[in-house]
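What the coordinates show
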Amino acid sequence: MNELSELYQEVILDHTRAPRNFFEMGDATGSAAGHNPLCGDRVTVYLHLENGRVKNVSFQGSGCAISTASASLMTEAVKGKTLDEANRLFNAFHDMVTGQADPLLESGEPEFEKLAALAGVREFPMRVKCATLAWHTLKAALEDKSEPVSTE
Amino acid sequence: MNSATRIEQPESAAAAPDLTLDVERIRNDFPILKQTVHGKPLAYLDNAASAQKPQAVIDAISEAASTCYANIHRGVHRLSELSTSAHEAAREKARAFLNAASAKEIVFVRNATEGINLVASSFGGHVLHKDDEILITHMEHHSNIVPWQLLCEKTGARLVVAPVTDEGELDMLAFGDRITSRTRMIAVNHVSNALGTINPVKRIIGLAHAQAIPVLLDGAQAAPHMAIDVQDLDCDFYVFSGHKVFGPCVGVLYGKKDHLEAMPPYMGGGDMILSVSFEKTLFNDIPYKFEAGTPDILGAIGLGAALDYVQSIGLDRIAAREQDLLRYATETLSAIPGLKIVGTAAEKAAVVSFVIDGIHPHDIGTILDREGVAVRTGHHCTQPLMDRFNVPATARASMAFYNTHDEIGRLASAIQKTIRMFA
Ligand SMILES: Cc1ncc(COP(=O)(O)O)c(C=O)c1O
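Our subject in this report is the structure included herewith. (Residues numbered from 1 in each chain as written. Chains lettered and ligands numbered in written order. Predicted model: local features only at pLDDT ≥ 70, side-chain atom pairs only at ≥ 80, totals over all residues. Heavy atoms only, no water.)

**Things to note about the pairing of strand β8 (residues 215-218) of chain B**
For a regular strand, side chains alternate in direction, first toward one face of the sheet and then toward the other. Residue and element names in this part refer to chain B. Across the two faces of β8 the burial is the same, with V215 and L217 and L216 and D218 all buried. Across 4 bridges, strand β7 (residues 183-189) lies against β8 in parallel orientation. When the sheet's bridge partners are listed, I186 is paired in β8 with V215. After leaving β7, the chain enters helix α7 (residues 201-210) and then returns to the sheet as β8, a path that is right-handed. Bridging between β8 and strand β9 (residues 237-241) involves 3 bridges; their strand directions are parallel. When the bridges of β9 are listed, L217 appears paired with Y238. (Buried < 20%, exposed > 50% of the residue type's maximum accessible area, 1.4 Å probe, protein only. Helix = DSSP H or I, 4+ residues; strand = E, 2+ residues; numbered from the N terminus. Pairing = 2+ DSSP bridges. Right-handed = clockwise from strand over helix to strand, strands pointing away.)

**Description of the pattern of salt bridges**
Tallied over the entire structure, the rule returns 28 salt bridges over all chains. Residues R182(B) and D132(B) are paired through a salt bridge, measuring 3.9 Å at the closest nitrogen-oxygen approach. Separated by 50 residues along the polypeptide, R182(B) in the loop between α6 (172-177) and β7 and D132(B) in the loop between α4 (112-127) and β5 (133-137) bring together distant segments of the chain. Residue classification places R182(B) among the partly exposed residues on the basis of a relative accessible area of 38%. Overall, D132(B) belongs to the buried group, its relative accessible area being 4%. We note a salt bridge from K202(B) to D232(B), for which the minimum N-O separation is 3.1 Å. Remark: D232(B) occurs in helix α8 (residues 230-233) and K202(B) occurs in helix α7; sequence separation between them is 30 residues. In this structure K202(B) comes out as partly exposed when scored by relative accessible area, which is 45%. Shared partners join several salt bridges into a network, and the residues in it are D14(A), R20(A), E76(A) and K114(A). (Salt bridge = Lys/Arg side-chain N within 4 Å of Asp/Glu carboxyl O.)

**Some thoughts on the interface of chain A and chain B**
Counting residues at the interface gives 20 residues for chain A and 15 residues for chain B. Together, the buried faces of chain A and chain B total about 1500 Å²; carbon and sulfur atoms form 57% of this surface. Taken together, the links from chain A to chain B amount to 2 salt bridges. Measuring nitrogen to oxygen at the nearest pair gives 2.8 Å for the salt bridge that ties D363(B) to R127(A). Applying the counting criterion to the chain A and chain B interface returns 10 residue pairs in polar contact (both at pLDDT 80 or more). When residues of the side of chain A that touches chain B are traced back to their parent elements, those giving at least two are α1 (2-7), α2 (10-17) and α3 (65-78) of chain A. Per-element tally for the side of chain A that touches chain B: the top contributor is α1(A), with 3 residues. (Contact = heavy atoms within 4.5 Å. Buried area = accessible area lost by both parts, 1.4 Å probe. Polar contact = N/O pair within 3.5 Å; in protein donor to acceptor, adjacent residues only side chain to side chain.)

Below, the structure is given as structure tokens:
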């Protein structure tokens, strides 16, 4: 039960019920679509890049609590970041949910702390892809890939 | 509520056949059911994905591997002879299970998927031409969609899809309308894996044969739950997967002898030939023509044991038990506010697919798992059907005869808990 309540903690449930930055961006400079065939999660990430910074980021789609909350938290975390910083966040997040390292938990930076709400996912190997879908899609949008991203 | 014991106590002592089943004894036959998962007793309700194996199957495989294993059809030595005859005995058991006229009509394949691909490629490739039509339904498993799409791409034939009603039944009027002078093949699931619907396959075959159209039945979800008689059905092809019938992963394709004889081989290799020279190769007789290479010998032997096991309980008894479980699960789950059952056909196998307002099936599956309750969540390899019902996925509890009312009760409590967590 502990692992479960750590996975579905209040921050996650809150972002699932009321996802932030949940809209289709009219003036996006880039976007990408992601799909998790295992559970049918779909997400589109929209970016507005300006001078090498993520000026705005949003998402749309439908998915489980973990993938929705992860996408929502991600948009909050990367807004205003440089491309380098966004990539660093991607790597740190990936390492955290796959249980390889805990840079987020240790860093003490405020946006990292929020993302750390998803650390519980690593106890649920079947759900890691739900948490990383939005991030992989973000990466594709940053790299301006037109091929849909798939977690499989 | 004493319905838990209903099946063990027939209501009247009249001459009706005794369909009671000793669940305790049966559960003892399945070692895996004694497991705990996350500290809770396992409630295995994912039988439509794959079924658990009784000790008899485990023993048959281990016994064969310990005493008579060798390659088949290839040696004059003693073990090869024993192994060949055990393998062929399994074929005979599959014949009896389907009540086919001859064991020559039984082809061992890897699974139902391979059986369908074999028919699509060999039979379909042989009879289909440009602008011909293949009729399937909206509730097919991907494995009864994609092989036909591949065939359409190759031949220029068209895939026609018969619609499904809101209850999850085939719309038989519309089905009839979609049979045209161009229809050359009909492929339909006997029982839907995502909805549980039992399709009126005899009626379908009647309609089809009136126009001389061959019919393939995908019996992957029917074989574990009901007696099947391919001669009575008069289907042209029937496929099922051993792993869903409490056996190993070996599939069975039944095909009418005339079809199988007329069909070109599916794969080339050893065992499927009579003689090979670089100028001319003569193919073996059916069914061997379709069994290129060394098959899963131990798997087939294990499948034989699984079919024996199922027959020893009796498919009528299994069907009666599962209908009781279905009734109980449907009652229990539909009493939960916010839960909606997807697939409410009048004729159903023991499958209950459901969605809950505001909670994604994947999250349901994770929370249920921590309660020891194993269900499948996702699109169940039926994406077109999910689209039809406007859901990305469902959670699905699928029962076998070894499941109990208590397990269904635990499923219901775990669902309640999920709803509370997300409230
Ligand atoms: C209706 C139906 N058809 C075909 C299949 C494919 O079976 P297999 O994966 O064993 O080939 C399944 C398995 O889920 C099924 O439920």
